[in-house]
Each structure stands twice: as C-alpha cells, then as structure tokens.
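Take a look at the letters that make up each chain.
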2 protein chains.
Amino acid sequence: MRVALIQQSYHGSSELTIKKTLELIKDAKQNKAELVVLQELHQDRYFCINEDVKNFKLANTIESDIEFWSNIAKSFEVVLVTTLFEKRAVGLYHNTSYIFEKDGSLVGKYRKMHIPDDPGFYEKFYFTPGDLGFKPIQTSVGKLGVLICWDQWFPEAARLMALGGADMLIYPTAIGWFDSDDMKKKQRELESWVAVQRGHAIANALPVITVNRVGYEKDNFSQIDGIRFWGNSFVFDGGGEELLRVDEKSEEAFIVDIDMQKSQALREIWPFLRDRRVDNYHDLSKIYID
Amino acid sequence: MRVALIQQSYHGSSELTIKKTLELIKDAKQNKAELVVLQELHQDRYFCINEDVKNFKLANTIESDIEFWSNIAKSFEVVLVTTLFEKRAVGLYHNTSYIFEKDGSLVGKYRKMHIPDDPGFYEKFYFTPGDLGFKPIQTSVGKLGVLICWDQWFPEAARLMALGGADMLIYPTAIGWFDSDDMKKKQRELESWVAVQRGHAIANALPVITVNRVGYEKDNFSQIDGIRFWGNSFVFDGGGEELLRVDEKSEEAFIVDIDMQKSQALREIWPFLRDRRVDNYHDLSKIYID
C-alpha cells in the first residue's frame, strides 16, 4: 500500500496554501499513492497561536470545505485524510479529521479527543474535545486509526485504535519550536515526539504515519515570537523500523510503501494482545490513583 | 539519586552467580549508589528456556532467599530491587520482585503481571500471572514503579504505575537472541525493545531503568539452540534522553545519576496527565473491541 505524506507550509493565504496542497496531491497521484495524508488544519495558518474570536469565522465554510475535499479525493481517486476546523453549532467547534474514499464519499470522521493548551497552542479556547471516541475508519486501503497531533502523546489513544482493529495509526500534526529555545531543548523535544510515536508502533505492531507542517508562522498578537513548525514527518512500521523521516523544511509529497502483512508476522512472534491484563486495567479510567 | 544497574551472566551455578552479584553490589556501593537493581531471576540460569517440572524446586528456598537479600540490602545500606522465583503454595508460583530498604526491611513486592510464552521463554508453564496489580512501592529513594520484563511491552502497565505516583519505572529483564536469527532481525528486536520503553518514559515523563542479563545459556532439552541474552541495559530520563546504554556482553555495576526534579519540569510544559480522556478509556479493559 502506497501512502503520500503531504508536508507543507502556510503560503500567506488559505487560497495559496490549498493551491500548493493540490500540486502536492497531484505529485502523490503521479507517484501512484493510494492514500494521501494532509497535515493538521492544512487549509490555513495555525491560528491557535493566539486566542482571537475572529478566528472562529474560519470554521464557517465547513460544509463547502467538506465538499471541496470530497471532490479532490474523487478527482485524484485517492483515499484522503484531511483535518478541518469543524463548526458543529453556534459556539461549538472541533478539530476534526474527515476521511474520504476514492469515489469522494465521506467514510468517517474523527474529532480530536485530547486538546492541548500551552503557550502558542491555545487549542482549548477553540476546540471542544471530541465525542466520537477512538474508532478506526474502514477504507479501501485498510482500517485507518486517525488521531490528531496532541493525541500522539497518549498511549491509550493508540491502543484503543489497535483494539478497534486499526491497520495503521495516522497523526496529522502541527508542532514546532520557538526560535528562542536553545538547540539542545529543540532537539530533545523533536526526538521525544518521534520516540513516543515509535513506541505506539511497536506496542501495537502497527505502522505509524505522522505528517507535520513546516515553516515559520508569527503571532499577530506578539505574545510569543511565533512558531517554527519542525516538519520531520515520518513513517515507522509496526516493528519500529523507520520507513521515512524527512527534514524540517521541505514541502513535498513524500511517498512510502507499507507492507500490510507485517503486523500479522509481528503479532505472531510477540503476541502482546494475547497477554493484556484487562482484569487489572480499570484504573486507567481514573485521572490519578490517590 | 544514584542508581546501579547490575548486568551479569549466569556463572554455571546459583552459588557462583550470586557471588558475582555480590561483588558487583560492592562495586555499586563503593561508587555511592543508593539504589541497586538486579536483573530478572538473577539467582540462577533462565530456567524458563524449557518446561521441566524439576525446576520448581528452585522456588523451595524462597523464604531463605528473601532473608538473604534482605541482609545484603542491610549490609550494603542500599535500596535493593531483586527478582525471585516465588513459591506461594504447593503448585502455585510467581515471578516476583522483592524490594528492600536500606535497613533490610522488605518494603514491598510486585508479582509479574504479564507472562510471556514463546519458544525458549515458557513462562506460562511456571508462573501464575500476578494478583497484586500495578502499585509503585515507596522507598527512601523514591516511589518505585517496578515491573518485570514482558511487562515492558505494555503501555498500560507503565501508565498505571505513573498514575499510582511512581517516580521512576524499573524493569528487571531476561531477554535475548537466538544465534540462528540473522543480524537484521536481531537488531530490529533489540531496537524495538529499547524504543518501546523509551516511549513509556516520554509518555509518563518518568525515568526508565532496565537491567538485562548477558551471556549464552543453552537449552538442556536441545529443542532450541539456546538464548544469547543481549544485555544493553539502559536508562532514559523522563524526556526520553539516554542516560545509559551499555553493550551486550559486559558484567558490571553501571552507575547513573538521576535528576529527581526533571519530571516536574517536563510535566509542566507538556502536561499529558492533565488531558487524559478518562471518560473514553473504558474499552481498554476489553480484550478487543469487536
């Protein structure tokens, strides 16, 4: 199964950004990708860099956005993973991945369950935590365990997708550095981000596909010095072997072939799912054990 | 906090093996270690390499074994993590970690919860899965989240220890290669073993201390060609930074200093525990979601 990871930057406007995305999807198709994964909130700049009520208007077009990406999936005949700003009702918004089949049909959606909130990533202001749970979505290229960005730090999310029968884990992402941080801190953050997801791959014997944005985006409020999104999109197979790891700058449709039979072989020799102590996991539903 | 990881081989008899262990604990103490971690089932060869009822007699000495290691902890004035073959009743055995305080008192025990069973590692024949749950043990050097070997593949175990207030995760281990496997497979297995535990460190912002045995041990039944225990004992801090990673051969008391304040700093900037979706984790108590 051939997948394309579309790593790109914000091009100054939503229109120009989408134009670039379409060029890269075209590349992906020419390289025979069947599955195309876009980064988190790929239509626009990462607006959560500050808390501004004006940004809610970006979600007003959700219906036409869905129709637009449905048409793109159909015209390129690819399974397409998008992440859009969902307006669900007046004053109720989600960070939502919509998944389209090759014929353009919307086969499922995932609303980001774990919502971050730290300086420059004010997502709790914008997004209500998802209410659809952790359910993989069946497509013609496999059952997709789509999660979004902050979800990637939570082993529970990956495991629930695996238990739901996911064939792979997919993380559209927007994460980056502050230029004011020193190189050692930046490297540690980047490496821990890669490593925790590699852990999910191994613990669940599932491929992990993570697509992050690149480029510098400034904070219009000047509270922080902006975010330099660190790219480094990657794919690990279910044994934790690196199939792709790219740089922190390139805008490209990165192509990876995934062996869909490997999870079977991995789980036969190291059958973790056989041995889970479900009789003793109930406290995972507690905030803390005290 | 200074910890010593005692990585060693089986020396042909329990007596000679323990003699070597004591030499290494002496080294650890001379290097001012406060916490000493021994590998899994360190008193003997890894007898689970085949299924032999004769091996149950190795557990007959459990009471005197506990007394022996208690005296060692006391005489060296270290917190000591041992793993012994526990005979609990006639025909009822566990793979159990006993933790001793610097004064020799037994402060807690952990019975291995996840029991493996694959060729050369026939643990389901010997050990009843633990019934003490995942409870960290308070000591003078911190609250120890002691888990054993196969547990290291299960993110649930690490998380439950973190939720129970563990200051660190500790994995006494016995894992190795078959010489008949090719180098690529060996490397993949080793790297995935390290990587999944590094993932637990990061996901929980806790140091991970893993001590594995070294040396070749043959299968007396000649069903397999024996196990070459791969060593590679390691320590990661809670940010996933490697503090120690050793080779596959050395017998040594490896010394590492752990910054006990780092978890606090890590959890302040990336507060994963704040954002867990405990309202949606109940299915983790299912074997599979179907």
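This text goes with the structure placed above it.
All values derive from a computational prediction rather than experimental measurement.

Caption draft 1: Representation of helix α5 (residues 183-204) of chain A. All names here are of chain A. Spanning 22 residues, α5 covers 32 Å between terminal C-alpha atoms, matching the ideal 32 Å at 1.5 Å per step. Burial of α5 is extensive: 16 of the 22 residues sit out of reach of the surface. Sitting at the head of α5, D182 places a side-chain oxygen 3.2 Å from the backbone nitrogen of K184. Where α5 terminates, the next one or two residues include A205, which has phi positive at roughly 50 degrees.

Caption draft 2: Spatial organisation of the packing of helix α4 (residues 155-163) of chain B against helix α5 (residues 183-204) of chain B. Residues and elements named next belong to chain B. At a minimum axis distance of 10 Å, the contact between α4 and α5 shows a crossing angle of 35 degrees. Like other packed secondary-structure pairs, α4 and α5 cross with a definite hand, here right-handed. Contact residues: P155, A158, R159 and A162 in α4; H200, A203 and N204 in α5. Counted by class, the contact of α4 with α5 contains 4 nonpolar, 2 polar and 1 charged residues.

Caption draft 3: A look at the environment of B:Q187. All names here are of chain B. Assignment of secondary structure puts Q187 in helix α5. A relative accessible area of 36% means that Q187 is categorised as partly exposed. Sequence separation between Q187 and W177 is 10 residues; the distance between their C-alpha atoms is 9.6 Å.

Caption draft 4: Structural context of the pattern of salt bridges. Tallied over the full model, the rule gives 46 salt bridges over all chains. Residues B:K185 and B:D181 are paired through a salt bridge, measuring 3.4 Å at the closest nitrogen-oxygen approach. Taken together, the shared-partner salt bridges connect A:E86, A:R88, A:R111 and A:D131 into one network.

Procedures and definitions
- Residues numbered from 1 in each chain as written.
- Chains lettered and ligands numbered in written order.
- Predicted model: local features only at pLDDT ≥ 70, side-chain atom pairs only at ≥ 80, totals over all residues.
- Heavy atoms only, no water.
- Helix = DSSP H or I, 4+ residues; strand = E, 2+ residues; numbered from the N terminus.
- Expected span 1.5 Å × (residues − 1).
- Buried < 20%, exposed > 50% of the residue type's maximum accessible area, 1.4 Å probe, protein only.
- Polar contact = N/O pair within 3.5 Å; in protein donor to acceptor, adjacent residues only side chain to side chain.
- Axes fitted to C-alpha atoms, helices over the stretch in contact; angles between N-to-C directions.
- Left-handed = near helix turned anticlockwise from the far one by under 90°.
- Contact = heavy atoms within 4.5 Å.
- Nonpolar A, V, L, I, M, F, W, Y, C, P; charged D, E, K, R; others polar.
- Salt bridge = Lys/Arg side-chain N within 4 Å of Asp/Glu carboxyl O.

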